[in-house]
Amino acid sequence: MPRLGVEPIRRDALVKATIAEIARAGSLDVTVAQIARRAGMSPALAHHYFGAKEALFLAAMRHVLSLYGAEVRGALVAAEGPRGRLAAVVRASFGPASFRREAVGAWLNFWVLAQTVPEARRLLNVYQRRLRSNLRAALRPLAAEPETVADVVGALIDGAYLRAALAGGVPDAAAAAAAVERYLLAELGERW
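Quick notes on the rules
- Residues numbered from 1 in each chain as written.
- Predicted model: local features only at pLDDT ≥ 70, side-chain atom pairs only at ≥ 80, totals over all residues.
- Heavy atoms only, no water.
- Helix = DSSP H or I, 4+ residues; strand = E, 2+ residues; numbered from the N terminus.
- Buried < 20%, exposed > 50% of the residue type's maximum accessible area, 1.4 Å probe, protein only.
- Contact = heavy atoms within 4.5 Å.
- Areas by Shrake-Rupley, 256 points an atom, 1.4 Å probe, with all protein chains shown as cover.
- 1 Å grid on protein atoms, 1.4 Å probe; cavity = no way out; pocket = protein on both sides within 12 Å on 5 of 7 lines; lining within 4 Å.
- Points joined across faces, edges and corners; volume = space filled by probe spheres on them.
- Nonpolar A, V, L, I, M, F, W, Y, C, P; charged D, E, K, R; others polar.
- Expected span 1.5 Å × (residues − 1).
- Arc of directions from axis to C-beta.
- Axes fitted to C-alpha atoms, helices over the stretch in contact; angles between N-to-C directions.
- Parallel < 35°, antiparallel > 145°, perpendicular 65-115°, else oblique.
- Left-handed = near helix turned anticlockwise from the far one by under 90°.
- Lys, Arg positive; Asp, Glu negative; His and termini not counted.
- Salt bridge = Lys/Arg side-chain N within 4 Å of Asp/Glu carboxyl O.

Draft legend 1. Just the overall build of the protein chain, in detail. Secondary structure assignment for the protein chain yields nine helices and zero strands. Listing every helix and strand of the protein chain by position from the N terminus yields α-α-α-α-α-α-α-α-α. Its C-alpha atoms give the protein chain principal-axis dimensions of about 65 × 35 × 30 Å. Residues classed as buried in the protein chain amount to 44% of the 192 residues present. In the protein chain, the share of contacts with a sequence separation of at least 24, taken over all contacts with a separation of at least 6, comes to 67%. Total accessible area computed for the protein chain in this model is approximately 9,800 Å², and 57% of it derives from carbon and sulfur atoms.

If you want it as structure tokens, here you go:
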């Protein structure tokens with residue numbers, strides 16, 4: 001007889017193990033057996049819950065995006081005014097749940113996955129649209145061309161993740177946020 005409530009716990013363990021294994025390998029070249037071993041269960045159980053490795057990768061991507069979204073929403077609740085909202089989005093983009101070694105490695109590999117897997121592409125597009133929308137809303141009262149500035153800030157945020165993934169080690173969230181804020185200071189001047 002199955003134990004009630006175990007499935008969500010096991011699914012969560014497999015998702016977290018997927019993120020950790022992707023970070024360890026530095027690529028999507030991991031097996032379900034490696035992921036299952038890290039989660040403390042059998043490969044058969046991993047297949048039972050997710051079916052295929054791609055489904056595990058997509059669940060991990062959803063998890064990373066969910067953590068990121070929660071950080072942004074939490075930061076926006078406390079933000080005051082357009083400048084505060086803009087700073088909140090930038091700083092939340094480098095929050096502790098999102099800008100850590102495992103999550104940064106997962107982001108890099110999810111960008112690769114999105115090149116060939118339509119569902120991964122869709123998830124990445126959702127992230128990009130939400131980021132752009134949050135940035136544009138905050139920038140409208142501050143910038144002459146909010147769309148352009150939002151696109152540059154989005155590219156700087158993604159670029160910081162790419163550099164952190166390629167550099168290895170512990171990502172420096174404060175330095176990444178400061179780099180984006182320096183651009184905003186140069187672009188917005190006294191409005192920033």
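Draft legend 2. Spotlight on empty space enclosed by the protein. Tallying each qualifying case throughout the model produces one cavity of 30 Å³ or more. Estimated volume of the largest cavity: approximately 40 Å³. As for the largest cavity, its lining consists of Y68, S93, W107, W111, Y127, I157, D158 and Y161. Here the residues of the lining of the largest cavity sort into six nonpolar, one polar and one charged.

Draft legend 3. How the structure looks around helix α9 (residues 173-188). With 16 residues, α9 extends 22 Å between its outermost C-alpha atoms, agreeing within 8% with the 22 Å of an ideal straight helix rising 1.5 Å per residue. Among the residues making up α9, those that are buried are A176, A177, V180, E181, L184 and L188. Each buried residue of α9 lies within a common arc of 130° when the element is viewed along its axis, so the set occupies one face. In this structure, α9 carries A174, R182 and A186 as exposed residues pointing more than 90 degrees from its buried face.

Draft legend 4. Just helix α6 (residues 101-113), in detail. Over its 13 residues, α6 extends 18 Å from the first C-alpha to the last, a length consistent with the 18 Å expected when each residue adds 1.5 Å. Burial in α6 covers these residues: A103, V104, G105, A106, W107, N109, F110, W111 and L113. Elements that come into contact with the buried residues of α6 comprise α1 (6-25), α4 (53-78), α7 (118-139) and α8 (146-167).

Draft legend 5. Inspection of the packing of helix α5 (residues 81-93) against α9 at higher detail. Axis separation between α5 and α9 bottoms out at 9 Å; the angle between their running directions is 150°. Viewed along their axes, α5 and α9 adopt a mutual orientation that is roughly antiparallel. Considering only the axes of α5 and α9, their crossing is right-handed. For the pair formed by α5 and α9, the contact residues are L86, V90 and R91 on the first element and A177, V180, E181, L184 and L188 on the second. Taken together, the residues of the contact of α5 with α9 break down into six nonpolar, no polar and two charged.

Draft legend 6. The arrangement of the side chain of E71 in detail. Looking at where E71 falls in the secondary structure, it is placed in helix α4. For the buried residue E71, which engages in no salt bridge, the nearest side chain bearing the opposite charge is R100, 7.7 Å off. Once residues within four sequence positions are removed from consideration, E71 is found in contact with A92, G95, P96, A97 and S98.

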